[in-house]
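So you can see what is in the structure, the chains are spelled out below.
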Amino acid sequence: LDFTKVMSAAVLAATTAGAAMAQESRTFEVSLPLGPESHQAVGVHKFGEELERLSEGRLTIRPQYDNALGAEREVVEGMGFGLIDMGITSTGPMGGFVNDFLLFDLPYIFTTPEAAYGFLDGEHGDALAAKLESEAGVKILGWMENGFRHNTNNVRPLNGPEDLAGIRHRTQESRVQVDTWTALGANASPMAWTEVFTALQQGVMDSQENPVPTIYDVKFYDVQRYLNLTKHVYSPAPLMMGAQLFNSLSPEDQALVMEAAAIAVPVQREASQRMEQELIDELERLGMTVTRPDLEPFRERVQPVIEQWKDTVGAELVEAAQASGS
Ligand code: MLT
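Residues numbered from 1 in each chain as written. Predicted model: local features only at pLDDT ≥ 70, side-chain atom pairs only at ≥ 80, totals over all residues. Heavy atoms only, no water.

The next point concerns the pattern of salt bridges. This model, assessed by the stated rule, comprises 16 salt bridges. Glutamate 49 is the partner of lysine 46 in a salt bridge, and the nearest nitrogen-oxygen pair spans 3.8 Å. Of this pair, lysine 46 and glutamate 49 both sit in helix H2 (residues 39-54), three residues apart, which is roughly one turn of the helix. The closest approach of N and O atoms between aspartate 100 and lysine 131, which form a salt bridge, is 3.0 Å. One end of the pair, aspartate 100, is in the loop between strand E3 (86-88) and helix H4 (113-120); the other, lysine 131, is in helix H5 (residues 123-136), and 31 residues separate them in sequence. Among the residues examined, lysine 131 registers a relative accessible area of 37% and is labelled partly exposed. Taken together, the salt bridges that share partners define one network made up of Lys46, Glu49, Glu50 and Arg53. (Salt bridge = Lys/Arg side-chain N within 4 Å of Asp/Glu carboxyl O. Helix = DSSP H or I, 4+ residues; strand = E, 2+ residues; numbered from the N terminus. Buried < 20%, exposed > 50% of the residue type's maximum accessible area, 1.4 Å probe, protein only.)

Structure below.
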């Protein structure tokens, strides 16, 4: 047996397999919490379009809207286990995997979208992505967004935190969010996104919080009377892929996936910001009473929550995020 010949045959076989892999055709299923008209869909569609173009039709996506593949936490877990290819979710459930992600639940940290973009598109966003990849097996391809979150409820307009007294408020599945709304005076409890509409409709909950385009997309105006522009957190919505799946792609295809995501992120953010502007009036037209409270009393009330969680989240990370706007 000529060892050198066997080896070069093996190398040849591996190279051929590699070349074949680079030419592989695939369709990725992508989970979205919102519907086909949402800014999440704008971002995912753009990603799909660019991926198809860059790969000359080999790589395509199939979007699955309105959490058809599962609630957000299940989708993150599913990507980690290789059961779900791709997804966009809010960061709400991610603090359960990596403490650093609780940063996005801390109130009044980012004050403008630009401050958040500067933070996420640099070393801090990269470090957060690396942690999620190593802890949960999920790769962040780009930081899309849900935007700034606001309160809606059925009980009364919020002119200050005191108006939250006795209100049953749904938070995302995050201990920081429960502490925040408890500090603000509400009766707060966590609930998965998939349960929220029914809970509001049946009066199990009086109140929730989400960005304006989300409130519009899921028709909360049918089950909530007051929209209160509390702007308490900036909510990223990263576009993600299971890390095992990403790593199984050829280096060329990995680069195409990253390039498509980099093109889609600003398009999605622009759609989200435009919808935020346009849809406040539309929600008013659909019957919601819009209140713009002074945010200072809200900010003051939640300072102890920031202090309480700062070390768990990482003091340096919190301070860098707070400094990003200035
Ligand atoms: C939630 O409130 O659970 C999320 O904001 C839903 C979403 O990602 O759109």
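Looking at the ligand, the residues that line it are Pro33, Leu34, Gln40, Glu72, Ser90, Asn146, Arg149, Arg170, Gln172, Trp193 and Asn210. Within the contact set of the ligand, an oxygen atom lies 2.7 Å away from a side-chain nitrogen or oxygen of glutamate 72. The contact in question runs from an oxygen atom of the ligand to an N or O atom on the side chain of glutamine 172, over 3.1 Å. Class assignment of the residues belonging to the shell around the ligand gives a composition of three nonpolar, five polar and three charged. (Near = heavy atom within 4 Å. Polar contact = N/O pair within 3.5 Å; in protein donor to acceptor, adjacent residues only side chain to side chain. Nonpolar A, V, L, I, M, F, W, Y, C, P; charged D, E, K, R; others polar.)

A word on the environment of valine 302. Tracing the backbone through its elements, the reader meets valine 302 in helix H11 (residues 296-313). When its relative accessible area of 0% is taken as the criterion, valine 302 is described as buried. The sequence separation of valine 302 and tryptophan 181 amounts to 121 residues, and the corresponding C-alpha distance is 8.5 Å. Apart from residues no more than four positions distant in its own chain, valine 302 is found in contact with Pro107, Tyr108, Thr180 and Leu184. (Contact = heavy atoms within 4.5 Å.)

Once that is clear, we can look at the nonpolar core. In this structure, Phe101, Leu103, Phe110 and Leu132 are the most contacted members of the largest nonpolar core, which totals 35 residues. Within the residue set of this core, elements represented by two or more residues are helix H3 (72-80), H4, H5, strand E4 (138-142), H11 and helix H12 (315-323). In contact with phenylalanine 101, not counting residues within four places along its chain, are Thr91, Met94, Gly95, Leu128, Leu132, Ile140 and Trp143. If you look at the next biggest cluster of nonpolar residues, it comprises 25 residues, including Phe47, Leu51, Ile88 and Leu245. (Core = buried A, V, L, I, M, F, W, Y, C linked by side-chain atoms within 4.5 Å.)

This brings us to the packing of H2 against helix H10 (residues 251-285). H10 packs onto H2 with a crossing angle of 155° between their chain directions and a minimal axis gap of 8 Å. On the basis of their axis angle, the class for H2 and H10 is roughly antiparallel. Helix-helix and strand crossings are classified by hand; for H2 and H10 the assignment is right-handed. Contacts between H2 and H10 involve His39, Gln40, Val42, Gly43, Lys46, Phe47, Glu50, Leu51, Arg53 and Leu54 from the former and Leu256, Val257, Glu259, Ala260, Ala261, Ile263, Ala264, Val267, Gln268, Ala271, Ser272 and Met275 from the latter. Considered class by class, the residues forming the contact of H2 with H10 number 13 nonpolar, five polar and four charged. (Axes fitted to C-alpha atoms, helices over the stretch in contact; angles between N-to-C directions. Parallel < 35°, antiparallel > 145°, perpendicular 65-115°, else oblique. Left-handed = near helix turned anticlockwise from the far one by under 90°.)

Checked against the element boundaries, glutamine 268 lands in helix H10. Residue classification places glutamine 268 among the buried residues on the basis of a relative accessible area of 0%. Within polar-contact distance, the side chain of glutamine 268 engages the side chain of histidine 39 at 3.1 Å. In contact with glutamine 268, other than residues within four places in its own chain, are His39, Gln40, Gly43, Met144 and Glu145.

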